[in-house]
Every structure is written in C-alpha cells, then in structure tokens.
Amino acid sequence: MRVAPWAIVSGLLVSASPLLAGLATAYQDATHLYLENDVLKIAVLRSTGSLDGIIHKQSGVNLQSNNTNNQQAIWLMGLGTKSVSYVSNLSTKSFTGTVATSANGASLNLTWHGLLGAAPLPNVTVKAQISVRTDSQFSYWNIEVDGLGANSVVSIAYPYVTGIGPLGQSGDDDVLLLPTHRGALFHNPTTNFTAGMGNAYPGGLQSMQLLSYFDQTSGFYFASDDTQGNRKGFFWGKTTSPAGDFNIQISNNLNGVPADTVTLPYNLIVGVTQGDWYASADLYRTWAVQQPWTQQSRTKTVPAWLRGIALSQWECTHGCQGTGQPEQSYASALLSMQQSEKGFNVSTMEQLNGWEKFGAYAYGDYFPPQEGWNAFDAMVQSLRPGKLWLLPSALLLDTATDLYKSGSMSASLMLDQQGNPRTIPSGDSKSNPWAFMDFSTDPWRQLMVGAYQTLASHGADLIQLDSSMVFGPVDCYNPAHQHPPGSGGNWQTLAWIDITQRITAAVAAVNPNAAVSAEEPAEVYLPYFSLYWGSGVDQLETNPAYQEPVPLFQYVYHDSILFLGDGLGGSTLDGSFFRLGVARDLTWGDYQIFRFPGNLNAAAQAYVQSAIAARTTYARKFVVDGVMLPAPQLSVPTTPVTWITNFATNAQGTGQFPSIQEGAWRATDGTVGIVLTNISPSSVTFSLPISYSRLELPSGAAYTVQSTGGSAATTLDANLVKDSAYSITLTSQQILLVTL
C-alpha cells in the first residue's frame, strides 16, 4: 500500500515568507569558530576544521543532531584520474582558522596544510571560506586547493555534512526535496532512504542545483550558484559510522586536468527554510529567474501551433514488441490515430515510434525509414492538419545496427577507463545494448545534425533529443578526444549546447515552422528547446513507497518552456489512475499525451474533453501562459487509486490520493487562478482557503472571487480584502476554475 501523498496533510506544512537577514557576525571560543546571521548559526571545530553544528535559529534545531561518535568532516577530496584516492580534512598535517567581521558581512577562513594518506602531498594547502552577508539569509561556501604540482583533483565534496539525524523528536514528518525528474519528495528519509540518493547535475535526475531537508518547524537548504553547467551532485545517504548518522554533500566534479591550483568557480550555498516544499522552491526561483537561461528562454521563438496543441497521441509501427504494441504499417498507425481523434475536434500531435530503419528505439541508424521515404512522406501528408512528433536520440547508437557494425562511427565512441566502448542496456527488452557516442566529436556530431535536418525536411514538426541530456554527464576516457578525461567540469554542457544550436539552426533552415524538444533537459538547456517532455514519474506510480512526485521544475520554470506529461494508457481497471493522470497534467500545466486513446470509455473521454476545454479556453492564460503559485492547503478526503504495475502479469498497485487535485497560477495580467478537479467517483465538498501570503497577494488589496467551469461565472465574493475561505462542491470529474 502506498502511503497517502503529503499533499493530503499539507495543512500541517505552512509556507512562510522568506526569512529575513541583517545580522552577520563571526567569533570564536576555546573550542569552536562560529558564524551567524539572523536565521542560521554554523559551528566549526578549532581542532580539525570539521563542521560541528548547522542550526536553524528560529526553532533551535541543529541539522547535525547526531554528531556524537561519528566521523565529523567538512570536505572530502578525490585525487587522480583513473585511480582515485580520497582524502578528507581529517587527513591533513595542520589546521588554522580565523574569523572576520565587517559592516557588510562576516566569514570563517579555514586553512589546512599537507595532505596525508596513501598518496601524501605535503605541500598542498586547502583554503576554504564560509561567509554570511547582511543582505542575505544564506551562507556562502568556497574552496581552493594550492600546491598540487602535477597532480589532479577530480572531485571535492564540499560542504560535507555528517551527523545528520531526524529533525526534532521524530522523523515521521521529515521530508527531503530533490529535483529528480520534475521534482520528488522523500518522506521520513532517515528511516525509508538509508541506501543513499542523488544524481549528477545537469541531467534529468538532477535538473536543478538544490536539495532541501525540512519538517513542520525547521528546514535546511543546499544549493549552488553555478551559471556554467559544471558537473556536481547533491547527495543524501547513511554513513558507515557507529552513530548511524546521515550525510548531505555537494560533490563538485572538476575536469581532472593536472593543475597546481584548483578553485571551484562558483559558491555553494547553505541556508534555512521554513514551510513546505514551495518555500524551498521559492528560495531557488528567486535566484533562477535572474539567470541567463531564464532570461534567454523568455525571448525565444516558439511556433504558435505548438502552443495551440491540446492533445498528443502515441503510436508505434515497427519493432514495438517491448511496448506491447503489435507490428503495423505506417498506414495502419495513421488510421488508428485518425480514428482515436474522432470526438475531440482539437489540434493534435502524433508521437510516432518505430518509423526508424531498424524499428523502435534502434537509435542512431535512422535512414531510410523502414518502409522507405515514399511511404513516410505519404503518411506525413495524410496526417495533416495534424502534427508529427519524432524522437531520435543524439547520444545513443544501437550496437545491432549496420552503422555501428560498420565502424564508421568508432572515432566518436565514448570509452571507459579500460578503453572499452561505454554502453547501456537498451530500454526495450532487446538483447543489444546502446553505445554512448561523444556528441562533441565528429563524425557523430555531423551525422546527428544531418539526421535532424533530414527529418525536418520530410515534414516532422517536432523533433526531440530523446534519451540524450536526460542521462546527465557521462564519463568518457577516449584519448583521441579533445575534452578532459571523465565528465567533470562543464565540457559536456557546452557540447550539448553546441550540438543543439547546430541542430535547431539546421532544422530551421529547411522547415522554419518546426520545433525541437528534449526529454527532461536540465535548467541550463531551457533556451534551446520549445518543449520539455516529462518522465513517467509523474504518472506511473512505480516509485518506492514514501516517494511523491511534485511539480518542482514547473514551479520554477513554467514560463520558460512548454511542458508535456508522459503517456497515459487507457482507462483500465476502475479508471482511477487515468483520472489522476489527467488531473495532474491539467493542474501542473502539462499538455496531455495518451498512449492508447482508443481504449477510453465514455466517462474517460468526457473527462479528457473537459480537461482540453479548460486548457484551451477559460484556464489557458493560467496553465499554459502563467506562472505557478503555491497551491492552497486543502483538507480533503482521500480516494483509492489503482493501476497496473506490470502488464505482462497484470500485477497491480494501489494507494490513497487527495480526492481534489489542485494548482494555483498567476496569469501575465496579474489575475490569480486556482484549478480544481475531483478524481473520486463521488461528489466532494470542501473548504477552499484563500491566503494572501501564500498566493503572493498584496496585503489589503481588494479582489473579486469568481468560479467558472467554462460557461457562466459565479461570484463567490465581490470584495475580498483579507484571508477567507469558500465552500466548494465538485462532482466526480468536475473541473472548476476559481479566479481572483
């Protein structure tokens, strides 16, 4: 049984205004160095320079509550390239620390001399600084390593925080927030997630630079202010010490090139937060909206037809056995798509798989299409006025294809440390693996740019970088390539930007009205794509228990790119899972894509039509063009949801979800809209709270509160001037928009 998502009890988690700062001081006593601002206090041991306390001052909670009988540290460094040895601040010859306070801020200046261990480096000096500013609630951390000579540093985990335990008396209400896929909450992580979590940025599993750990009364926020897309990871895990404590670390992966001095080119950030996950997201969004990728995204050109798409459908023709779809011709797939569109009467886009030379997911070797160009072109023409969406990968090459076997792309293969091609099992149950290709090198780069241009010239309207940057940085040790060894630094980020710009320019040259999408691109790639295709984590509840998907990425970046949810199957079982998927897509601001739309029963089709009507008409300025706000904190009954976890065995999963799904939005004209829908099989009456602070409304401002289902509007309050609440009743599958 899946635990009820924490949105159910979100009334316990109050979203607060950002905590203000003003104090900035550093001082010391006989045992510790201290750094404080109004909201945060940090303690460092004078003996070793290890962290001995990160305190949320308002609540008095110490992040390092389990800091006895454990191995305290502050940094962990990886030396070398192919054979990496690790050393921490505990393995140094000496440590000195000083404090400094000025009118604008304060700092701890920490210095270690001489690295000990298996590969002693007596001349190395590590200099770290932790600072606070009078104009910020955060602490800023940076680090430099000098005297390396010809040695190299491949990673620096800093800050490296041990001694972490539950926040407060119990961990039951503790939550870990990570930007995994769209975003995920991990509940009670000291009990439920002891194996460790974290992934490499920038990638689909770490799409932004943050991690937050919080409960009802306190919270801690970790981030970085890197604008260049350097590889790093935000990690949570249990240590091996007898204390049974946990560790949070930001692992910063450098380029590994030998250098006498190595400096992290950005700040690491540690702060405190108070509230639910929206509070941490607000802290990050305040910074993110000022960054180049956000500013550039707001000025990019997105084809008008893509903004007008209301429905997308999935089809597969050849080599689709792993998907459960039988073999069929282009013509049969076209007929199926056209038949399933009947009754919707909206602009549609068809996601076609299996058109490739060797069938579905045979990445890299694409042409000619399996049925030839004449059949392909005829299909495209017959599809009009519908749009065609294709999903080649710019990273992977199927090892069973003629192209791979010919050896003509061997110069672009990514190699592991032993000189072998780096591969990954194919995702469609085929026995042949996919090879990772170095997209910074020719001939692969030239081949991919040409492939995308060819598809655009044959009428593809949306062409995706599928299974590409979603992987995050991939190690490559091919000595013939010009990049640094491994995947540290930002060479892969720059290479992805380069090949993407080449692809989009080539596509535009032959088909100016075509667009390019990506599967879960990280934030740094937002300016280069028109659409973000999300992962199945949003819909397929196959995640571990106690893990809850949330629209974190949409909350921060909804006005930077269009979003499309993952494929929904038909209305199987009792239809509850299908209703949940439709509701999430609508309230999270996603386009909807259906895998087998022909399997919809009358009730499911009616719900889809209602969601399409909301998205394309009365709610469009919110869920398509608006910015997400913290959703109201509803107290509603839960409803059971059942889904199939394995179609081959008909294994099923079930869980309790809030009966009312919701999303809050601010349109470009300043209007606030709250989208509500009932996924339970019966009517639900509930109270809708309107909080000025939560919805970011000016205190005392007057609003008219109205509700609409797309036709007439009902006035709930002609003069709202303070926090209030309204009784709402929704029938099953009803969609309601409340506007202020």
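K.L.:
Account for the state of the cysteines, with residues named and values stated.
P.N.:
Tallied over the full model, the rule gives 1 disulfide. Between the sulfur atoms of Cys 316 and its disulfide mate Cys 320 the distance is 1.9 Å. Handedness here is read from the sign of the S-S torsion; for Cys 316 and Cys 320, about -90°, the answer is left-handed.

K.L.:
Before we move on, could you go through the nonpolar core and cite the residues and values that matter?
P.N.:
Ranked by internal contacts, the top residues of the largest apolar core, which has 124 residues, are Trp 277, Tyr 284, Leu 465, Trp 496, Phe 529, Leu 552 and Tyr 557. Residues contacting Leu 465, with those up to four places away along its chain left out, are Pro 392, Ala 394, Tyr 452, Trp 496, Thr 500, Ile 503, Val 516, Ser 517, Ala 518, Glu 519 and Phe 529. Of all hydrophobic cores here, the second largest spans 61 residues; its members include Val 126, Ile 164, Phe 193 and Ile 248.

K.L.:
How would you explain the pattern of salt bridges if you had to name every residue and give the values?
P.N.:
Here the structure, examined in full by the defined rule, presents 19 salt bridges. Ionic pairing is found between Arg 620 and Asp 625, a salt bridge with its closest N-O pair at 3.9 Å. Among the residues examined, Asp 625 registers a relative accessible area of 32% and is labelled partly exposed. Sharing partners across several salt bridges, the network here consists of Asp 282, Arg 285, Arg 666 and Glu 696.

K.L.:
Can you tell me about the pairing of strand 11 (residues 139-146), naming the residues and giving the values?
P.N.:
Within a regular strand, the side chains alternate between the two sheet faces. Here strand 11 lies mainly inside the structure; 6 of its 8 residues are buried. Counting the residues between successive antiparallel strands, the hairpin from strand 10 (residues 121-133) to strand 11 contains 5 residues. The pairing of strand 11 with strand 21 (residues 268-272) spans 3 bridges and is classified as antiparallel. When the sheet's bridge partners are listed, Trp 141 is paired in strand 21 with Leu 268.

K.L.:
Before we move on, could you go through the packing of aromatic side chains and cite the residues and values that matter?
P.N.:
Within the structure shown, the criterion is met by 33 aromatic pairs. With centroids separated by 5.8 Å and ring planes inclined at 70°, the aromatic side chains of Trp 287 and Trp 293 adopt a geometry described as edge-to-face. One aromatic cluster is present, formed by Tyr 330, Trp 355, Tyr 366, Phe 367, Trp 373 and Phe 376 through successive ring pairs. One residue, Arg 133, lies across the ring of Tyr 140, its end atom 3.6 Å from the ring centre. Directly above the aromatic system of Tyr 266 lies the positively charged group of Lys 232, at a separation of 4.6 Å from the ring centroid.

K.L.:
Tell me what's going on with unusual backbone geometry, and back it up with residues and numbers.
P.N.:
Of the consecutive residues Tyr 201 and Pro 202, the connecting peptide bond is found in the cis state with omega at -5°. By the element assignment, Pro 202 lies in the loop between strand 15 (200-201) and strand 16 (210-214). Note the cis peptide between Phe 367 and Pro 368, where omega equals -10°. Mapping Pro 368 onto the fold places it in the loop between strand 23 (348-353) and helix 6 (372-383). With phi around 65°, Tyr 361 is a residue other than glycine that occupies positive phi space. With respect to the helices, strands and loops of the structure, Tyr 361 is situated in the loop between strand 23 and helix 6. Its identity is not glycine, yet Glu 520 carries a phi of approximately 45°, on the positive side. With respect to the secondary-structure elements, Glu 520 resides in the loop between strand 29 (515-519) and strand 30 (531-533). Under the relative-accessibility criterion, Glu 520 is labelled buried at 1%.

K.L.:
Describe helix 2 (residues 277-288), listing the residues and the values that go with them.
P.N.:
Taking 1.5 Å per residue, 12 residues should reach 16 Å; helix 2 reaches 16 Å between its end C-alpha atoms and fits that length. Along helix 2, the residues that are buried comprise Trp 277, Tyr 278, Ala 279, Ser 280, Ala 281, Asp 282, Leu 283, Tyr 284, Arg 285, Trp 287 and Ala 288. A distance of 3.1 Å separates the backbone nitrogen of Tyr 278 from a side-chain oxygen at the start of helix 2, and that oxygen is part of Asp 276.

K.L.:
A description of the sheet that holds strand 25 (residues 396-398) should follow, citing residues and the corresponding values.
P.N.:
The strands that make up a sheet are held in pairs by hydrogen bonds between backbone atoms, and each pair lies either parallel or antiparallel. Pairing within the open sheet is antiparallel, and its 3 strands lie in the order 25-27-26. The outermost strands of the open sheet, each flanked by one partner alone, are strand 25 and strand 26 (423-424). With 3 bridges connecting them, strand 25 and strand 27 (residues 434-436) associate as antiparallel partners. Looking across to strand 27, one finds that Leu 397 is bridged to Ala 435.

How each quantity is defined
Residues numbered from 1 in each chain as written. Predicted model: local features only at pLDDT ≥ 70, side-chain atom pairs only at ≥ 80, totals over all residues. Heavy atoms only, no water. Disulfide = S-S within 2.5 Å. Core = buried A, V, L, I, M, F, W, Y, C linked by side-chain atoms within 4.5 Å. Buried < 20%, exposed > 50% of the residue type's maximum accessible area, 1.4 Å probe, protein only. Contact = heavy atoms within 4.5 Å. Salt bridge = Lys/Arg side-chain N within 4 Å of Asp/Glu carboxyl O. Helix = DSSP H or I, 4+ residues; strand = E, 2+ residues; numbered from the N terminus. Pairing = 2+ DSSP bridges. Phe/Tyr/Trp six-rings, centres within 6.5 Å; stacked < 30°, edge-to-face > 60°. Lys NZ or Arg CZ within 6 Å of the ring centre and 35° of its normal. Expected span 1.5 Å × (residues − 1). Polar contact = N/O pair within 3.5 Å; in protein donor to acceptor, adjacent residues only side chain to side chain.

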